[in-house]
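The lines below spell out each chain.
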Amino acid sequence: MRGKLTLLAGVCAAAVATPSFAQNAQSAASGDTGPGVQEIIVTAQRQSQRLQTVPIAISAFTKENLDRQQIRNPLDLQLSLPNITFTKTNFTTSSFTIRGIGDLCTGVTCDSATAIHINDAPLFATRLFEGEFYDLQQVEVLRGPQGTLFGRNATSGVVNFRTAKPDLNGFSASGDAEYGNYNSIRVRGMINVPLSETLAVRAAGFYLKRDGYTKNLFDNSKIDDRDIYGFRGSLTWQPSSSTTIDLMGQYFREKDSRMRIQKQYCQEDPTGILGCLNTTRGTSTTNGNALLANVLTSREFFAIRGLPTAFALGSIYGPQVYRNEVNPADPRVVNTDFKPSYFTEETILQGVLKQDIGEKFSLRVEGNYQNVKVDSQQDYNNAVADRSGFTPGLSALAAAGAGLLGPGLKSYLGPIANALIPQGPGGALCTSIGEPTGTGVFGGHSVCASTPLDFDRSVQNNKSWTAEAVLNSKFDGPFNFLLGGIYGKYTLTENSYYVNSFGLDYFAGVVGAFSALGAGAPPAYLATPTYRNNTPDYRLTTYGIFGEAYWKFNDKVKLTLGLRYNNDKKSVKARTTLFNFLAPVGIANAYDSPFLAASYDADSAIAGNQPFQVRNVKFGEFTGRAVLDFQISPDNLVYASYSRGYKSGGINPPLSPIFAVPESFTPEFVNSFEIGSKNTFANGALQLNLTGFYYQYKGLQLTRIVARTSVNDNVSANIWGVEAEAIIRPVRQLTINMNFSYLNTKVSEDKFLSNPRDFGNGRKDAVIIKDITNTANCAVGSNSGNVAGVNAFVNTANTLINSGAIPGVAGGAGLQGTTAFPAGGGIASTGAYSICAVLSALAPTLGNAPGIGGVTVYSSGIATNIRGNKLPGAPNVKFSAGVQYAAPIGNLTLTPRFDLNFTGNSDGTIFNGVVDKVPSFTQLNAQLQLDGPDKKWFIRGFIQNITNDNSVTGLYVTDQSSGNFTNVFTLEPRRYGIAAGFKF
């Protein structure tokens, strides 16, 4: 360890960099034209302190910094910070990653690794990152675990947004308006009114509306627009010099056609067994023959279930539905027949009491309330399916529904035909919308179109509140302390993720009708006709007790010791439904079906059929830190620290019974060792901060997709890196800021996981199977390295399935033998459509037949060891630099500014495959601003992302039943425009 820390110190000494800059307020007021970097006051240790005296790696941006560096939102904020990235992720979530640790855990019971605060109060599931920055006092970003003062889920760090408070000293107002390309209109404003010597109010808001960034070839429209606004009201009352009360209310709303993802990529697998191959992301579309809806409505599936194949919509060996689809290489061009929609709103209410208790203590008591809603829909495959292959099946359904195949079939299939194809087989196709009754199209909840639609919906409603008290001592001697406690509750009342598809509806209707007919039940369909992962109730109760003690040995050396106890209780009620039980036609709510209790079990661990899985977990852990800092001089500080961070575990969502995953995941812990130096040289002309750190991470929570649901695993990792931040201001007019960081992350234990992109794990003696009963993949591997033998086993098994010799499986499926994947596809194994359960049953006998040599069926794929792999979302190198010169022109000031931001390569998944790479990117910004006398007004011209780089910030790989396609998330395209504003 000592050697590594010494190495870090050496590297730090050679690095240069920085976060923010501003003008020295005192000097500016006096008209001084000398050099100097502004001192910024931060609350990183829950008390107001000069940034340069805080022994924590922290970057702070004032309101002026944000405007000068064109930091309008969190996507922009990441560019100017060392070892920090931000990306949107699937299911309307996002990840703020600090030093390689981000939100790698997906699910309602997951905690954020980065603690997000507003005015020092923690936020739960906030939509704060979807809006624009307005009327902020500053933004503080603390790097590294903050497990004492900021709590349970701060393993990577803290982002603290501090809103501007009402000013008692006088009336003021400001506003600005901006117009840019994409018909972008952005307006911000603030007004501050003192009502008396002790009472003041402040109101602020913003509005942004622009056209879409993305062209849709399907109807030549523009999608991915923005229509958002937010406003904030604040009140400050100081009834005495020792008492201050602050109240704040904030509201944000968005309703537009924003896309959750920017683009979907695939290197098409022509066999259909994988959907997408494993060498490049590709610009083709997923092979539709790999998708759940198309496999379950195929002639092969109907045959094994003994259903009339005339009603099937196609064949898994036939033309795939996206064969004529175009997926343009340009990430800003898509071809979708479903217009995306995005709605979210968030209300935040805060109250803070700050009270001096005599001359020796100060108390801060804060309460915070949140109400958050989000609802988003988007084309699931970002492609337009070809319906021409559906004609025979749709015609058969129409004929049966009209009574042409007999009155018995009419009574069962008539309601299905009326719901799915109300205008006949050549008319519109109707698809369920994601809705809570579970009846979908069969209950009148549908959308109809000329093309077969497939889309998803992500919806969540939650409320939370916290109350916190912090007591600080102000003794004159060497000893001081801080003591605090926090209690909070988070309640989620709706969290549903739906996948809707005409093919799923067709299967639910037709197969459900035949199942009801065969069982002698009344006309029915299979519920739910849409995939729904639903959590109607999740509750988190959390509290923490924390404290720090500070001992100054002398004027230069100080020791800080902190300890915190964290307690978390989680309870969740959840279920996943798709085709699980019959629902009679005409029922108002599918979950009231008389067949549900006997057919659907959400919790196999409890005797009897349970409508929901209910789980409870609780965690209690100690965290803390120790810091020794040495103030060499008033301008030079060095420190060494140890801190322990913690993030609670959780509960994986329930899956379909055929899949087995761990029911819960454990907490994660990090032991962080850090050394740092904060320095100001040349009478304030140079500010240079250096940091080196080493992390031992245990139980890092990682997500993967199983059966269309995110589940989480734990893995250990080691992380180390260096950071440097610098501000250079040799004369008042010239300011240069820079920062640099290097990061090294590695999984430090043997951990075997199956890569969904290659279930054969690169083995030639393996066959990857697409299971035609559920569209999951499994793999069959030879026990003796016999390539021919393992292929012979699968081929013989498929022959037996086709012959009807397998109990419970009707013959005539016509399953074909194994086939090679294309050269250049990154898959060494062969592949085949088959039935994994049948292969598992035959392995002990047929698998040991002469010439085969023994086989093993891996239901979850052949696992690979990820030891030594890099963590996702952790670029190895980041660098940014900015320069501006404020040139006086009479009583005006003309300030040109240029910023360069570089983010190095990273990985999108823990498997580190070539197809998972997130390439490096560079963003260049420039602006020219003319300020009036005393900066009472300004006119600005700006350009952002000068090179129009389509920078990828992160990616997400879906599961096998969706074809293993990749969703990517990007920065905004080139933006330019003009702005003008005033203040008084």
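So, here is what we can say about the structure in this document.

What counts, and at which threshold
- Residues numbered from 1 in each chain as written.
- Predicted model: local features only at pLDDT ≥ 70, side-chain atom pairs only at ≥ 80, totals over all residues.
- Heavy atoms only, no water.
- Disulfide = S-S within 2.5 Å.
- Helix = DSSP H or I, 4+ residues; strand = E, 2+ residues; numbered from the N terminus.
- Buried < 20%, exposed > 50% of the residue type's maximum accessible area, 1.4 Å probe, protein only.
- Contact = heavy atoms within 4.5 Å.
- Polar contact = N/O pair within 3.5 Å; in protein donor to acceptor, adjacent residues only side chain to side chain.
- Core = buried A, V, L, I, M, F, W, Y, C linked by side-chain atoms within 4.5 Å.
- Expected span 1.5 Å × (residues − 1).

**With respect to the state of the cysteines**
Turning to step 1, where the next piece is worked out: Enumeration over the complete set of coordinates arrives at three disulfides.
Turning to step 2, where the next piece is worked out: Bridging C266 to C276, the disulfide has an S-S length of 2.0 Å. Linking C266 and C276, the disulfide has an S-S dihedral of approximately -120 degrees and is accordingly described as left-handed. Residue C266 is located in the loop between β17 (263-265) and α5 (292-296), and its partner C276 is located in the loop between β17 and α5; the two are separated by ten residues in the primary sequence. The burial state of C266 is the same as that of C276; both residues are buried.
Turning to step 3, where the next piece is worked out: A sulfur-sulfur separation of 2.0 Å characterises the disulfide bridge that pairs C430 with C448. Measuring handedness by torsion sign, the sulfur bridge of C430 and C448 sits at about 100 degrees and is right-handed. Placement of the pair is C430 in strand β21 (residues 429-432) and C448 in strand β22 (residues 446-449), with a sequence separation of 18 residues.
Turning to step 4, where the next piece is worked out: A residue is classified by how much of its surface remains accessible, and C430, at 2% relative accessible area, is buried.

**Digging into the environment of C276**
Turning to step 1, where the next piece is worked out: For C276, a relative accessible area of 2% puts it in the buried group.
Turning to step 2, where the next piece is worked out: Spatially, the C-alpha atoms of C276 and G963 are 5.9 Å apart, while their sequence positions differ by 687 residues.
Turning to step 3, where the next piece is worked out: Setting aside residues no more than four positions away along its own chain, C276 makes contact with C266, Q267, D269, T286, G963, N964 and F965.

**Comments concerning the side chain of D386**
Turning to step 1, where the next piece is worked out: Among the structural elements, D386 can be located in the loop between β20 (361-379) and α7 (391-401).
Turning to step 2, where the next piece is worked out: Here R323 takes part through its side chain, which lies 3.3 Å from a polar atom of the side chain of D386.
Turning to step 3, where the next piece is worked out: In this structure, D386 is in contact with V321, R323 and N324, ignoring residues within four places of it in sequence.

**Section: the nonpolar core**
Turning to step 1, where the next piece is worked out: Among the nonpolar cores identified, the biggest contains 108 residues, and F311, L397, Y506, I769, V780 and F793 are the most heavily contacted of them.
Turning to step 2, where the next piece is worked out: Ranked by the residues each element gives to this core, the list is headed by helix α9 (residues 502-519), at ten residues.
Turning to step 3, where the next piece is worked out: Setting aside residues no more than four positions away along its own chain, F793 makes contact with V780, L839, L842, A843, L846, G847, I852 and V855.
Turning to step 4, where the next piece is worked out: Counting 26 residues, the second-largest nonpolar core is a separate cluster that includes L123, L128, V141 and I348.

**Some details on helix α11 (residues 787-803)**
Turning to step 1, where the next piece is worked out: Here α11 contains 17 residues, and its C-alpha end-to-end distance of 25 Å stays within 8% of the 24 Å for a straight helix at 1.5 Å per residue.
Turning to step 2, where the next piece is worked out: Taken as a whole, α11 has its buried residues at G789, V790, N791, F793, V794, A797, N798 and I801.
Turning to step 3, where the next piece is worked out: In this structure, the buried side of α11 is in contact with α6 (299-304), β38 (766-771), β39 (777-782), β41 (830-834), α12 (836-842) and β42 (855-858).
Turning to step 4, where the next piece is worked out: Once α11 finishes, G804 follows within two positions and takes phi at roughly 80 degrees, a positive value.

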